[in-house]
Amino acid sequence: SRSAEAPAAADAYRSIQRRVDALSAVHRNHFAELEDNEGIALRPLLSELAAGLRGTSPLDTGVSVAVHAMPVQIEQDVAVPIAFLLTEIGELALLTDPQRSLTFSVERLAEDKLAELTVQSDSLKASERLSTLLETRFGRILTGLSRQLRQPLRHDDQAGRYQILFPTLD
């Protein structure tokens, strides 16, 4: 992306890089945990994905991505859609308003072996740009990823927040 002459080409390369990074982060974390057979630790995975978003954001934006996550373990079948979901929502936020910060958070619920993932940003609040991106590019992808988790993806466009439940191993 750094050597691309057209801004659109550089953006396309960064978008591809974010998706490849998301998948490789899941696999790195999966194989790191294989010896203990405890699943994938979600907090390090979220931190790695946040660093990837910061690293592939347009150079002049300096986007901030914070992670607030309780320690939970998940299966690889859950980690992959979560990683892609975070990557897609992060890219949606960057394309809507790259100056706004993002927060990824995970809270364990009182229900047995369930947690809630939240992505929050002012760039995810209702706007014409957000609506256009959801209709033309991101809406079907986000719906497909939430189906893989067998949970509805909730979007509060007044608060700028996406939330989804997911199963944990612990």
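Computed from a predicted structure; not experimentally measured.

Regarding the environment of R150
Summarising the element assignment, R150 is placed in the loop between α4 (128-148) and β6 (154-156). With 17 residues separating them along the chain, R150 and P167 place their C-alpha atoms 9.7 Å apart.

Remarks on the pairing of strand β4 (residues 102-108)
Relative to β4, strand β2 (residues 65-69) runs parallel, the two sharing 5 bridges. Across the sheet, the residue bridging to A69 is V106, located in β4. Inspection of the sheet shows β4 paired to strand β5 (residues 114-120) by 6 bridges, in the antiparallel sense. Within β5, the residue paired with E107 across the bridge is E116.

Things to note about α4
In this model α4 runs 28 Å from its N-terminal to its C-terminal C-alpha over 21 residues, within 8% of the 30 Å that 1.5 Å per residue would give. Maximal helix bending in α4 amounts to about 70°, located at F138. Of the positions making up α4, those classed as buried are L130, L133, F138, L142, L145 and S146. Contact partners of the buried residues in α4: α3 (76-96), β6 and β7 (161-167). Of the residues one or two after α4, R150 is the one with positive phi, at around 60°.

As for the side chain of Q163
Structurally, Q163 can be placed in strand β7. Engagement of the side chain of Q163 in a polar contact is seen with the side chain of T118, the distance being 3.2 Å. In this structure, Q163 is in contact with E116, L117, T118, P152, L153 and R154, ignoring residues within four places of it in sequence.

Brief notes about a nonpolar patch on the surface
On the surface, Y13, I16 and V20 cluster together into a nonpolar patch covering about 320 Å² of accessible area. Following the sequence through the fold, Y13 ends up in helix α1 (residues 7-33).

Concerning the pairing of β7
Of all 7 residues in β7, 5 are buried, a share of seventy percent or more. Pairing of β5 with β7 involves 7 bridges; the strand directions are antiparallel. When the bridges of β7 are listed, L114 appears paired with P167. Inspection of the sheet shows β6 paired to β7 by 3 bridges, in the antiparallel sense. By the bridge assignment for β7, R154 is matched with Q163. Between β6 and β7, which pair antiparallel in sequence order, lie 4 residues; one of them, G160, sits at a positive phi of approximately 70°.

Observations concerning the packing of α3 against α4
Remark: α3 packs on α4, axes separated minimally by 10 Å, with the N-to-C direction vectors making an angle of 175°. Judged on the interaxial angle alone, α4 and α3 are roughly antiparallel. Packed against α3, whose contacting residues are P81, F84, L85, E88, I89, E91, L92, L95 and T96, the element α4 presents R129, L130, L133, L134, R137, F138, I141, L142, L145 and Q148 at the interface. When its residues are assigned to classes, the contact of α3 with α4 shows 13 nonpolar, 2 polar and 4 charged.

Rules and cut-offs
- Residues numbered from 1 in each chain as written.
- Predicted model: local features only at pLDDT ≥ 70, side-chain atom pairs only at ≥ 80, totals over all residues.
- Heavy atoms only, no water.
- Helix = DSSP H or I, 4+ residues; strand = E, 2+ residues; numbered from the N terminus.
- Pairing = 2+ DSSP bridges.
- Expected span 1.5 Å × (residues − 1).
- Bend = angle between axes of the 7 residues up to and from the residue.
- Buried < 20%, exposed > 50% of the residue type's maximum accessible area, 1.4 Å probe, protein only.
- Contact = heavy atoms within 4.5 Å.
- Polar contact = N/O pair within 3.5 Å; in protein donor to acceptor, adjacent residues only side chain to side chain.
- Patch = residues over 30% accessible without salt bridge, like charges linked within 9 Å, V, L, I, M, F, W, Y side chains within 5 Å.
- Areas by Shrake-Rupley, 256 points an atom, 1.4 Å probe, with all protein chains shown as cover.
- Salt bridge = Lys/Arg side-chain N within 4 Å of Asp/Glu carboxyl O.
- Axes fitted to C-alpha atoms, helices over the stretch in contact; angles between N-to-C directions.
- Parallel < 35°, antiparallel > 145°, perpendicular 65-115°, else oblique.
- Nonpolar A, V, L, I, M, F, W, Y, C, P; charged D, E, K, R; others polar.

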